[in-house]
Amino acid sequence: MSVMLETSLGDLIIDLEVDKCPRTCENFLKLCKVKYYALNAFFNVSKDFIAQTGDPTATGTGGCSFAAHLPTLVPTAPVAPRYFMPEIRPSLKHVAKGTVSMAVAPTDPPGCGSQFFVTLADRIEYLDGKHAVFGHVIEGLDVLDKINEAYLDQDGRPLQDIRIRHVEVLDDPFPDPVDLLPVPDSPLRPPDASTRIADDEDVAAPPEDVAEAKRRQTAASSSALTLEMIGDLPFAAVRPPENILFVCKLNPVTADEDLELIFSRFGKILSCEIVRDKKTGDSLQYAFIEFDEKEAAEQAYFKMQNVLVDDRRIWVDFSQSVAKMNRSFLSNPTRGGRGGRGGGRVGGPGRGGFARDNGYGGSGGARDNGYGTRAGAGAVTGTYDFVFEDRSRSPARVREGKDDSERERERRDGRDDYGRDRRRSRSRDRRDREDCGQRDDRREKDGRRDDRRDGDRERRDRDKEHRDRDRDRRDRDRDRDRDDGRY
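Being a predicted model, the structure only gives us computed values, none of them experimental.

Caption draft 1: Fine view of the overall build of the chain. Scanning the chain for helices and strands turns up nine helices and 16 strands. For the chain, the proportion of its 487 residues judged to be buried stands at 39%. Here the contacts in the chain between residues at least 6 apart in sequence split such that 66% fall between residues at least 24 apart. On the chain, roughly 27,900 Å² of surface is accessible, and the fraction owed to carbon and sulfur atoms is 50%.

What follows is the structure, encoded as structure tokens:
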């Protein structure tokens, strides 16, 4: 006869010694049938010794026999003692791991109720003659190993509850008591008021949001490392500047000066560049605005979102571009120190250095704009040169240490230079188109001349063939005439 205990760590199938311990086996089977053991906890676990359960209160002092529990199910049943006499058989000993025994209460006389234990190791002779063996675990020894490895408190109870979730009687040879109600459903709540880690809580796995955040961080790190390997990033730990805004959906007629004037109310602007086409100089309808302070960029981000500028509602976001920083690194990769404001300080990369500095050092009185060196004696000013190759053609201006008149003169000179560059660009395009047209005409003429030459050659060949045929025909006629005159 056997019973299956479904625990929170796995299933245990127990084979009962019905012939040798009929009273104990009947008590155990009937308690299993009425779901007395459902959600009972293993409240006493000793490593390599025993795992004890069967007490609904999980204190070690509760539990009773089926006969004493029966009046709560059948009101007409007679009242019986709490314990019954233990059936200790000398032939049944605690020899093998998985031996199931009824715990004997230290009463006078000693008795058995509902508590039982399972041995977790072989040859525990200490228990022989003291507790009543009535079964053996025939399947689920790996579950016993898991119980044996559980983390325990000072009282020997697992920190995370190990419970009997369900009991299934596979075979019961004993008749049920008269007027016994149908088998009740398994309880939904544990009978003991436990405040420990629940048996169904996965303490080994992190929370779902933490696991998702870790997965995203790992994916981002892998992507950054890949971009570093192919040269799109100077190094994987690079971070975009926090004082540069990206503005898009601009009107093509919006000028740099107008955009700078609109955003200058939030703080000092170091550069304001509308990105333009390299050849035509037309606006690509997005810009980068660099503020002196991060707080000014944050205010502009919140205040200028979806604002109407030149009949267009613009979109503002923080720049995620590190193109200039990458270009600076590729042009001089030996500069590993982080430049301070004013230059000269050498150190490792950090968050602050990339907000305004180029991340790779400065010299003298040079000032960084976040992607390349700005303003300094003989310094090459950084720009978004994936569009502009020549700084003189870019609308960006250097403002450090200059008064309003100089700025106005530079602004005017910049517009003149831009107009001249644009006219020169258009002239070059017109000359290029004319040159292309002339080359096409020459190519077409050469093709026609080649066709005529080929046609003349074919005609000469045909004329030669005709002459050769005529000559052969005359020769044959002359030979025939000569032959006729001879005879």
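Caption draft 2: Spotlight on the nonpolar core. Counting residues in each nonpolar core, the largest one holds 44 residues, and the members touching the most others are L16, F28, Y37, F116 and F134. Those elements that provide at least two residues to this core are β1 (2–7), β2 (10–16), α1 (22–33), β5 (99–105), β6 (111–119), β7 (132–139), α3 (141–148) and β8 (164–169). Top element by residues in this core is α1. It accounts for five residues. Ranked by size, the runner-up nonpolar core spans 19 residues in total, among them A287, I289, F291 and A300.

Caption draft 3: Fine view of the confidence of the model for the chain. Within the chain, residue pLDDT values average 80, and 77% of them lie at 70 or more. In the predicted structure, residues 333–401 sits below a pLDDT of 50 and forms 184 contacts with residues beyond four places in sequence or in another chain.

Caption draft 4: Representation of α1 in the model. Over its 12 residues, α1 runs 16 Å from end to end, which matches the ideal 16 Å to within 8%, given 1.5 Å per residue. Of the residues making up α1, those classed as buried are T24, C25, N27, F28, L29, K30, L31, C32 and K33. The positive-phi residue at the C-terminal boundary of α1 is K35, with phi of around 60 degrees.

Caption draft 5: Expanded view of the sheet that holds β7. If you trace the eight strands from one edge of the open sheet to the other, you get β3-β4-β6-β5-β7-β2-β1-β8, paired in antiparallel fashion. Only two strands of the sheet have a single partner each, and these edge strands are β3 (44–45) and β8. Examined bridge by bridge, β5 and β7 share four bridges and lie antiparallel to one another. Along β7, the bridge assignment pairs V100 with G135. Where α3 meets the sheet, its contacts fall on β1, β2, β3, β4 (50–53), β6 and β7, and the angle it forms with β2 comes to roughly 120 degrees.

Caption draft 6: Representation of the sheet that holds strand β14 (residues 315–318) within the structure. Read across the sheet, four strands follow the order β10-β11-β9-β14 without closing on themselves; strand pairing throughout is antiparallel. Edge positions in the sheet fall to β10 (269–276) and β14, since each has one partner strand and no second. On average, each strand axis in the sheet is tilted by 20 degrees relative to the strand beside it, whichever way the strands run. The pairing of strand β9 (residues 244–248) with strand β11 (residues 283–291) spans five bridges and is classified as antiparallel. Of the residues in β11, the one forming a bridge with I244 is E290. Running at roughly 140 degrees to β10, helix α5 (residues 256–263) makes contact with β9, β10, β11 and β14 of the sheet. On top of the sheet, helix α6 (residues 294–303) reaches β9, β11 and β14; it is set at about 150 degrees to β14, its chief contact.

Caption draft 7: Up close: the side chain of T24. Topologically, T24 is positioned in helix α1. By relative accessible area, which is 0% here, T24 ends up buried. Discounting chain neighbours no more than four positions away, the residues touching T24 are F84, E87, M102 and F134.

Caption draft 8: Structural detail: the pattern of salt bridges. The full count for this structure, using the stated rule, is 26 salt bridges. For K30, the salt bridge goes to D176, with nearest N and O atoms at 2.6 Å. Of this pair, K30 sits in helix α1 while D176 sits in the loop between β8 and α4 (208–230), and the two are 146 residues apart along the sequence. In this structure K30 comes out as buried when scored by relative accessible area, which is 2%. Accessibility expressed as a relative area gives 41% for D176, which makes it partly exposed. As a salt-bridge pair, R215 and E212 come within 2.6 Å of each other at their nearest N and O atoms. Of this pair, R215 and E212 both sit in helix α4, three residues apart, which is roughly one turn of that helix. Relative accessible area serves as the criterion here: at 47%, R215 is assigned to the partly exposed category. For E212, a relative accessible area of 29% translates into the label partly exposed. In this structure, a network of salt bridges that share partners links the residues K30, K33, D172 and D176.

Caption draft 9: Spotlight on unusual backbone geometry. The peptide bond linking D108 to P109 adopts the cis configuration, its omega dihedral lying at -5 degrees. The phi angle at K249 is positive, at roughly 65 degrees, despite the residue not being glycine. By the secondary structure assignment, K249 is in the loop between β9 and α5. Positive phi, normally seen in glycine, also occurs at Q285, with a value near 70 degrees. If you trace the backbone, Q285 turns up in strand β11. Using a relative accessible area of 31% as the deciding quantity, one classes Q285 as partly exposed.

What counts as what
- Within any chain, residue numbers begin from 1 and follow the written order of that chain's sequence.
- pLDDT decides what is reported in this predicted model: residues at 70 or higher carry local features, side-chain atom pairs at 80 or more are listed and counted, and totals for whole chains, interfaces and linings draw on all residues regardless.
- Hydrogens and water are ignored here; the side-chain numbers use all heavy atoms of the structure.
- Secondary structure elements follow DSSP: runs of H or I of four or more residues count as helices, runs of E of two or more count as strands, with numbering from the N terminus.
- Note on classification: 1.4 Å probe, protein chains only; a residue is buried when its accessible area is under 20% of the maximum for its type, exposed when over 50%, partly exposed between these limits.
- Residues count as neighbours in contact if any of their non-hydrogen atoms are within 4.5 Å of one another.
- Exposure was quantified through the Shrake-Rupley algorithm and a 1.4 Å probe, taking into account, for residues, occlusion by the shown protein chains and nothing else.
- Each nonpolar core is a collection of buried residues, namely Ala, Val, Leu, Ile, Met, Phe, Trp, Tyr and Cys, held together in the definition by side-chain atoms within 4.5 Å.
- A residue's pLDDT is simply how confident the predictor is in it, with values from 0 to 100.
- Every helix has an expected span of 1.5 Å times one less than the residues it contains.
- Following DSSP output, two strands are said to pair if at least two bridges run between them.
- Throughout, an axis means a line fitted to C-alpha atoms (over the contacting stretch in the case of helices), and angles, computed between N-to-C directions, take values from 0 to 180 degrees.
- Any carboxyl oxygen of Asp or Glu within 4 Å of a side-chain nitrogen of Lys or Arg constitutes a salt bridge here.

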